[in-house]
Amino acid sequence: MTPTEIAVAVLIAGGVFFTFVAGVGLLRLPDVYTRTHSASKSDTLGAGLALAAVAVTFGADLPTVKAALLVLFMFVTNPTAAHAIARAAADQGIEPWTVDDDESGGGNE
Amino acid sequence: MSLVPDILLAGASAFILISLVVLYRVLDGPTMQDRVIAVNAIGTNIVVILALVGAATDTPAALDIAIVYALLNFLMSIAISKFTVERGGVL
Amino acid sequence: MSGGSSLLVPVEDSVTLRQTVAHAVGRARDADGAVTLHFVCPVSERPLGGEDSAVAGEAEELLDRVAVWADEDLGEEPTRVTVETAVVGADVYLFNPGDYADVLVAYARRNDVDTVVLDPEFNPLGMAPLLPPLERELEGAGLAVELAPVDRATRRGPLTRPAGLDQFALLFGSTFGFYLLIAGTLTPFNLATGAVTATIVAAVLRRISTQGSVELGQLAGRVARMVVYVPYLLWEIVKANVDIAKVVLHPRLPIDPAVVEFDAAVWSELPATTLANSITLTPGTLTVDVTQRHFTVHSLTKGARSDLLAGSLERAVRFVFYGRTAMRLPTPAERGETPDGSVDGAGTDEPEEVRSAVERVEVDADSGGGDE
């Protein structure tokens, strides 16, 4: 394996791992706000790592700059979108889930 | 010869699988915002998949498409959030 | 418009007050030389007595709010505008427009004011039109009077802001650069279409996309500090994600979500946006709402909450936008616990913008304490 291959493999593995965490979080977490956490943070880092792998693949060239631009763009827009959604949820009066809700209402440990 | 395209394609397929799982949240809801978050996450994954496939097949133009898709994805989230606040929901 | 001019703005709690303040500040900023802005709240003596102190307190509160707005509009760049507030007339019974004019003119004489900016909704008498006679009286006393151009239909802040050639050039440059980056070549065709596109974008959006004046030195400083900030932020993001991954993949899902609210010591839109986004990206915290400086943050775990109030992120954002001296401002936790003592260590060599920032924190902490 060449250094490039190792770097790409590590970055892709990291990207897939964090995106996987984001997916699991989206399914497992109890309410809108907590799911937004998972989607905004883990997904952004996962995408960032995967796009870093893309940048490494293209080498020092214009596409690398574009990939970097894409990463930058995602790091700005993903939290903004998450914030917009969370605020929309708050405006609609959706109450955040707390630990007490689980003890009184839920049965899954 | 090089393993890089294979690694990239393997990564892309993993992203596709995760997106399919997240699709459950889009269908299940229960609230509007859950769906928007899930669609947004899938959109982010699609951007990554576009870039990965582009890199694997050595098609730099795919990155331009990815950038435009990322823009649209962001606008979608903002527009729907705004809409649900001012109009009480679109779906 | 020579040096040392002053503007007098009578204030009263009206729907257009915010816009009037913005207009007055903009006017003061555009003027040549140093300008002093006097925000004055006329309060009448109550013949029946009893509630004087309550009325005076309300007036003080209103003036505090106006001062905060004015500082906000002045932005973080040092300007030659000074803001002063005062309550007048508390010992006189103000009955008709002439009384108000007398009180205002007396204040104007004392403070060398030559121009009065009036809020169109200014009407403390709450009855028959006060404005036209008041305007006449003030003009009769040799003062220049003008009405603030406010839009009464909307209560939102204005979407567009005044913009000149600077803003156009900045927007044109960045749009053109982005266009050429995507195009990837410098062929005449790309240069021509890019220039046309950038011109259209800059012409249409310059009054929406930019805020305040363009200062290349400041911009370069911010970009340079941003370069320092990004690796720090990336490291924080990675740490945050490892934490989240642990929590999410843990079989028992050990989360303890809660909503915290706090006032951040950042001013104006861009720093607040940067801080909000940084908060969202890092340790288990998600910005739900930002109103001016008041942040509502949803946090996933207990650890995340204490990290947030420890304020290292906020400090880093201040470093990016206001420079190193601003880092020494107190953290949210400190501000919450010791509103008075914690700002003493801020030193004496700091630029004016930071000093006024510290003062605003104190004002804020004081008013916060009063509510309890």
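Residues numbered from 1 in each chain as written. Chains lettered and ligands numbered in written order. Predicted model: local features only at pLDDT ≥ 70, side-chain atom pairs only at ≥ 80, totals over all residues.

Things to note about the overall build of chain B
Note the threshold: Runs of H or I in DSSP of at least four residues are treated as helices and runs of E of at least two as strands, each being numbered from the N terminus. Whether two residues are in contact depends on their C-beta atoms, placed from the backbone: they are in contact if these lie within 7 Å.
For chain B, the count of helices and strands is three helices and zero strands. Ordered by position in the sequence, the α and β elements of chain B form the string α-α-α. Of the contacts made within chain B by residues no fewer than 6 positions apart, 47% connect residues no fewer than 24 positions apart.

A look at the nonpolar core
Counted only if it meets this: One nonpolar core equals one set of buried Ala, Val, Leu, Ile, Met, Phe, Trp, Tyr and Cys residues connected by C-beta atoms within 7 Å. The burial label depends on the number of other C-beta atoms within 10 Å of a residue's C-beta. Counts of 20 or more mean buried, 12 or fewer mean exposed, and intermediate counts mean partly exposed, with C-beta atoms placed from the backbone.
Membership of the largest hydrophobic core comes to 85 residues, with the highest contact counts inside it found for A50(A), L51(A), A53(A), L70(A), L8(B), A51(B) and L52(B). At 15 residues, helix 2 (residues 32-56) of chain B tops the list of elements feeding residues into this core. Counting residues in each nonpolar core, the second largest holds 36 residues, with A24(C), L37(C), V116(C) and A148(C) among its members.

A word on the interface of chain A and chain B
Put simply, an interface is often sized by how much accessible area is lost when its parts join up. As a reminder, the rule being used: Ten residues, namely Ala, Val, Leu, Ile, Met, Phe, Trp, Tyr, Cys and Pro, are considered nonpolar, four, namely Asp, Glu, Lys and Arg, are considered charged, and the remaining ones, Gly among them, are considered polar.
Taken together, the contact between chain A and chain B spans 44 residues of the former and 39 residues of the latter. For the side of chain A that touches chain B, the secondary structure elements donating two or more residues are helix 1 (3-28), helix 2 (32-58) and helix 3 (62-91) of chain A. Top element by residues in the side of chain A that touches chain B is helix 3 of chain A. It accounts for 16 residues. Class assignment of the residues belonging to the side of chain A that touches chain B gives a composition of 29 nonpolar, nine polar and six charged.

Thoughts on the packing of helix 2 of chain A against helix 7 (residues 216-249) of chain C
For clarity, the cut-off: Inter-axis angles, ranging from 0 to 180 degrees, are taken between N-to-C directions of lines fitted to C-alpha atoms, where helices are fitted over the stretch in contact. Working rule for angles: under 35 degrees goes down as roughly parallel, over 145 as roughly antiparallel, 65 to 115 as roughly perpendicular, anything else as oblique. Whether a crossing is left-handed or right-handed is set by the direction in which the near helix is turned from the far one by less than a right angle, anticlockwise for left-handed and clockwise for right-handed.
At a minimum axis separation of 10 Å, helix 2 of chain A and helix 7 of chain C run at an interaxial angle of 125 degrees. The angle between helix 2 of chain A and helix 7 of chain C falls in the class oblique. For the crossing formed where helix 2 of chain A meets helix 7 of chain C, the hand is left-handed. Two secondary-structure elements touch here, helix 2 of chain A through H37(A), S38(A), K41(A), S42(A) and L45(A) and helix 7 of chain C through I237(C), V238(C), A240(C), N241(C), I244(C), A245(C) and V248(C). Tallied by class, the residues present in the contact of helix 2 of chain A with helix 7 of chain C amount to seven nonpolar, four polar and one charged.

Thoughts on unusual backbone geometry
Most peptide bonds adopt trans geometry, and most residues besides glycine take a negative phi value. For D58(B), which is not a glycine, the phi torsion comes out positive at approximately 55 degrees. Structurally, D58(B) is set in the loop between helix 2 and helix 3 (61-87). Unlike most non-glycine residues, D112(C) shows phi in positive territory, near 65 degrees. Mapped onto the fold, D112(C) is located in the loop between helix 3 (97-110) and strand 4 (115-118). Owing to 11 C-beta atoms within 10 Å, D112(C) belongs among the exposed residues under this scheme.

Observations regarding helix 2 of chain B
Here is the rule we go by: Take the residue count of a helix, subtract one, and multiply by 1.5 Å to get its expected span.
Helix length check: helix 2 of chain B (25 residues) gives 36 Å between terminal C-alpha atoms against 36 Å at 1.5 Å per residue, within 8%. Taking burial as the measure, the 25 residues of helix 2 of chain B include 22 buried ones, the bulk of the element.

Structural notes on the sheet that holds strand 4 of chain C
Residues and elements named next belong to chain C. Applied cut-off: Paired strands, in this sense, are two strands between which DSSP finds at least two bridges.
The sheet built from five strands is open, its strands ordered 3-2-1-4-5 with parallel pairing. The strands lining the two open edges of the sheet, one partner per strand, are strand 3 (81-88) and strand 5 (144-147). Neighbouring strand axes in the sheet, compared pairwise and without regard to direction, differ in orientation by 25 degrees on average. Taken together, the four bridges between strand 4 and strand 5 define a ladder with parallel strand orientation. Each residue of the ladder has a partner; that of V116, found in strand 5, is V145. Packing against the sheet, helix 1 (residues 17-30) makes contact with strand 1 (5-10), strand 2 (35-42), strand 3 and strand 4, and its axis sits at approximately 175 degrees to strand 1. Contacting strand 1, strand 2, strand 3 and strand 4, helix 3 crosses the sheet at an angle of about 150 degrees to strand 2.

Regarding the packing of helix 1 of chain A against helix 2 of chain A
Residues and elements named next belong to chain A. Running from amino to carboxyl end, helix 1 crosses helix 2 at an angle of 165 degrees, the nearest separation of the two axes being 8 Å. Classified by the angle their axes make, helix 1 and helix 2 are roughly antiparallel. When you trace helix 1 past helix 2, the crossing you get is left-handed. In terms of residue class, the contact of helix 1 with helix 2 is made up of 16 nonpolar, nine polar and two charged.

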